[in-house]
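Below, each chain spelled out in residue letters.
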Amino acid sequence: MPAKGKHRRPKSSPLARRFVAAGTGGAALALPMIGATAAEAAPSAAPAVAQAVTAAAPAAAPAKAPATYSVVAGDTLSGIAQQHGVSGGWQKLYEDNRKAVGADPSLIRPGLKLTIGGKAAAERTSAPERADRSAARTATQAVARTPTYANNLDGWIREALDIMKQHNIPGSYEGIHRNIMRESSGNPMAINNWDSNAAAGTPSKGLLQVIAPTFQAYHVPGTANDAYDPVANITAACNYAADRYGSIDNVNGPY
């Protein structure tokens, strides 16, 4: 029994015989074997594909466009921010709309357009438009600040004092008024035709009785080039007095 078993040829399985027979029939009959091999290999490739799909980053969501809100009576930035869920609260809403709101966040007028979720369009206004508005605002402010002086002795002195301040010329209302009353009694057309200056051909003129050479030498820019003009006369005389006496306030007699 052991000897027979040692030389016994192993039986081929029916599947093996069919495979051999198919192989002898030609190369075309071997194709099913290749296909089966590929089918068996396919499951190992599937996890790699799944991993690639899993690793792919999700598409970014489109950015939300800013919304525009029109202020109504009774609105506050805090209330609007809360109503629209603004991240950062009223401070963020104010920062995004600072140009439109202005310097005081508590003052928002009905009809004002606020941008929620982005910078306000006011900040994107072109430079020429901003420059035009700035120039108009500056001009309006300048007109509003320009004082109006009465056309009398009080108004002339006050206007002269403002001009003197711009040119650092010392003098007070009292000092100017006192000297005017002594020199001309407040008459801007006063002229002295009898003293030595008049004899020399240069009579003293105006509120503070200034001769022509002195007026020209101490004329203050921005005032009329006329010694009879009240403001021009006062400022020129005070400029001269400051140069010679330190101030018109120090003058208490002929100068």
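What you see is a predicted model; the values in this text were computed from it and never measured.

## Considerations on helix α9 (residues 173–183)
Now for step 1: Of all the positions in α9, only G175, I176, N179 and I180 are classed as buried. Taken end-on, α9 shows its buried residues confined to a sector of 125°, consistent with a single buried face.
Now for step 2: Lining the buried residues of α9 we find α8 (153–166) and α12 (230–245).

## Details of the environment of P203
Now for step 1: Its place among the elements puts P203 in the loop between α10 (196–199) and β4 (204–205).
Now for step 2: By relative accessible area, P203 is classed as buried at 16%.
Now for step 3: Contacts of P203, omitting those with residues within four sequence positions, involve I191, N192, N193, N197, A198, V210 and I211.

## Side note on the environment of E95
Now for step 1: Its place among the elements puts E95 in helix α5 (residues 89–96).
Now for step 2: One polar contact links E95 to R98, side chain to side chain, over a distance of 2.9 Å.

## Some points on the packing of α8 against α9
Now for step 1: Relative to each other, α8 and α9 sit at 130°, their axes nearing to 10 Å. Between α8 and α9, the interaxial angle falls into the category oblique. In this structure, the crossing between α8 and α9 has a hand that is right-handed. Touching L153, D154, I157, R158, L161 and M164 of α8 are Y173, I176, H177, I180 and M181, all from α9.
Now for step 2: Classifying every residue of the contact of α8 with α9 gives 8 nonpolar, 1 polar and 2 charged.

## With respect to the packing of α8 against α12
Now for step 1: Put simply, α8 and α12 touch, their axes get as near as 9 Å, and they point 50° apart. Considering their axes alone, α8 and α12 lie oblique with respect to each other. Of the two possible hands of crossing, α8 and α12 adopt the one that is right-handed. Residues W156, I157, E159, A160, I163 and M164 of α8 pack against P230, V231, I234, T235 and C238 of α12.
Now for step 2: A breakdown of the residues in the contact of α8 with α12 according to their chemical character gives 9 nonpolar, 1 polar and 1 charged.

## Observations regarding α12
Now for step 1: In a regular helix each residue adds 1.5 Å, so 16 residues correspond to 22 Å; α12 covers 21 Å between its end C-alpha atoms and thus fits that length.
Now for step 2: Residues of α12 that are buried include every one of P230, V231, A232, N233, I234, T235, A236, A237, C238, Y240 and A241, and no others.
Now for step 3: On its buried face, α12 is in contact with α8, α9, β4 and α11 (212–218).
Now for step 4: With its phi angle positive at about 95°, G246 sits one or two positions after the end of α12.

## So, the packing of aromatic side chains
Now for step 1: Inspection of every chain in the model, using the stated rule, returns 2 aromatic pairs.
Now for step 2: Measuring from centroid to centroid gives 5.4 Å for Y218 and Y240, while their planes differ by 70°, and the two rings are edge-to-face. Of this pair, Y218 sits in helix α11 while Y240 sits in helix α12, and the two are 22 residues apart along the sequence.
Now for step 3: Y240 sits in the buried class, given a relative accessible area of 12%.
Now for step 4: Residues Y240 and Y255 carry aromatic rings whose centres are separated by 6.0 Å and whose planes lie at 35° to one another, so their mutual orientation is tilted. Note that Y240 is positioned in helix α12 and Y255 in the segment after α12, a separation of 15 residues in sequence.
Now for step 5: Taken together, the ring pairs in this structure connect Y218, Y240 and Y255 into an aromatic cluster.

Analysis parameters
- Residues numbered from 1 in each chain as written.
- Predicted model: local features only at pLDDT ≥ 70, side-chain atom pairs only at ≥ 80, totals over all residues.
- Heavy atoms only, no water.
- Buried < 20%, exposed > 50% of the residue type's maximum accessible area, 1.4 Å probe, protein only.
- Helix = DSSP H or I, 4+ residues; strand = E, 2+ residues; numbered from the N terminus.
- Arc of directions from axis to C-beta.
- Contact = heavy atoms within 4.5 Å.
- Polar contact = N/O pair within 3.5 Å; in protein donor to acceptor, adjacent residues only side chain to side chain.
- Axes fitted to C-alpha atoms, helices over the stretch in contact; angles between N-to-C directions.
- Parallel < 35°, antiparallel > 145°, perpendicular 65-115°, else oblique.
- Left-handed = near helix turned anticlockwise from the far one by under 90°.
- Nonpolar A, V, L, I, M, F, W, Y, C, P; charged D, E, K, R; others polar.
- Expected span 1.5 Å × (residues − 1).
- Phe/Tyr/Trp six-rings, centres within 6.5 Å; stacked < 30°, edge-to-face > 60°.

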